[in-house]
Structure formats: C-alpha cells, structure tokens
Amino acid sequence: FAVNVLRSGGSRCVVCGLAPAGFGAKRMLLAGHIKPWKDSTPGERLDFRNGLAACPAHDVAFDTGLLTVNGGLRIHVARSLAGAVATDPAARHYFGRPPLYEALMLPPGAQLPLRKYLDWHRQRIFVA
C-alpha cells in the first residue's frame, strides 16, 4: 500500500509539494488512508487509490477532518482552520495558500484517488 501510494504521489506531499527524499528525510512522507483503516474492508485497506502521500502536518490535518479533498481533487480547509490561518502566523505558514495547493498535486499519469473514498472522507470525517 505505502509504496504504491508514495509512488503515485510522486514521492511528494500532494497537499504542499514537500519532497523530503531530496534532503534525506524519506520518513517525513506518509502514506495515509483516505477512508480510515478501521472503517475499510480488507480490499479497501490495500487499495492504493484509498491513499494520499502527505507530510506529517497535512496527514494529521486530513485524518482529523481539518482538510478534505472533493471529487475534483480540490483541497478544502475546515472553517476553524481557515480562521486560524487568518489570525495565526504559524497556522498560516503550514495551512495557508501557499503552501497548500488549490488541488492535489499529482504527477502526470498518476492513478487518482477514487471518488468513493474522497466522498466518504468529506461526508464522515471533514468538520466543515
């Protein structure tokens, strides 16, 4: 799962573009599930199209519902996080635009995350 997710993401955070392998920090890039492991069937757990490559900050924000992605691959920020970005320089540094892209940054020819997983995350995890 992880090898395929990271390869599909071009070995970069698909949210901000961080490429940690370039400076010897491969472990700073995580392959996280869109539909969480605990809620997935055995097949969904291994489906790399149920995964996103992300740096730790963006992985946690996604897992906790502060970020989500729609079927058009656009990145959405929860209101609470958007409020913090407007008032807190550290939040703006990690979750403003930039560094967040408007949409997932995937390399040409990448296998896109499946819409069914993105919809599941947006409907059940995202805190709007």
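Presented here is a report on the structure given in the accompanying data block. (Residues numbered from 1 in each chain as written. Predicted model: local features only at pLDDT ≥ 70, side-chain atom pairs only at ≥ 80, totals over all residues. Heavy atoms only, no water.)

1. Points about empty space enclosed by the protein
- By the definition in use, this model includes three cavities of 30 Å³ or more.
- Considered as a void within the structure, the largest cavity measures approximately 70 Å³ in volume.
- Forming the boundary of the largest cavity are V5, S8, G9, V14, F48, G51, L52, A53, L106, Q111, L112 and P113.
- Counting only elements with at least two residues in the lining of the largest cavity, the list comes to α1 (2–8) and β2 (51–54).
- Residues belonging to the lining of the largest cavity are distributed by class as follows: eight nonpolar, four polar and no charged.
- Each pocket or cavity is described by its volume, and for the second largest cavity that value is around 50 Å³.
- Together, V15, G32, L52, A54, H58, D59 and F62 line the second largest cavity. (1 Å grid on protein atoms, 1.4 Å probe; cavity = no way out; pocket = protein on both sides within 12 Å on 5 of 7 lines; lining within 4 Å. Points joined across faces, edges and corners; volume = space filled by probe spheres on them. Helix = DSSP H or I, 4+ residues; strand = E, 2+ residues; numbered from the N terminus. Nonpolar A, V, L, I, M, F, W, Y, C, P; charged D, E, K, R; others polar.)

2. Focus on the side chain of N50
- When you line up the elements, N50 lands in the loop between α2 (42–46) and β2.
- Side-chain polar atoms of N50 contact the backbone oxygen of E44, separated by 3.2 Å.
- Discounting residues that sit within four places of it in the chain, N50 has contacts with F1, G32, H33, I34, K35, S40, E44 and Y117. (Polar contact = N/O pair within 3.5 Å; in protein donor to acceptor, adjacent residues only side chain to side chain. Contact = heavy atoms within 4.5 Å.)

3. So, the environment of W120
- Position of W120 among the secondary structure elements: in helix α6 (residues 115–124).
- Residue W120 is classed as buried on the basis of its relative accessible area of 14%.
- Spatially, the C-alpha atoms of W120 and K35 are 6.5 Å apart, while their sequence positions differ by 85 residues.
- With residues up to four places along the chain from it excluded, the contact list for W120 reads K35, P36, D39 and I125. (Buried < 20%, exposed > 50% of the residue type's maximum accessible area, 1.4 Å probe, protein only.)

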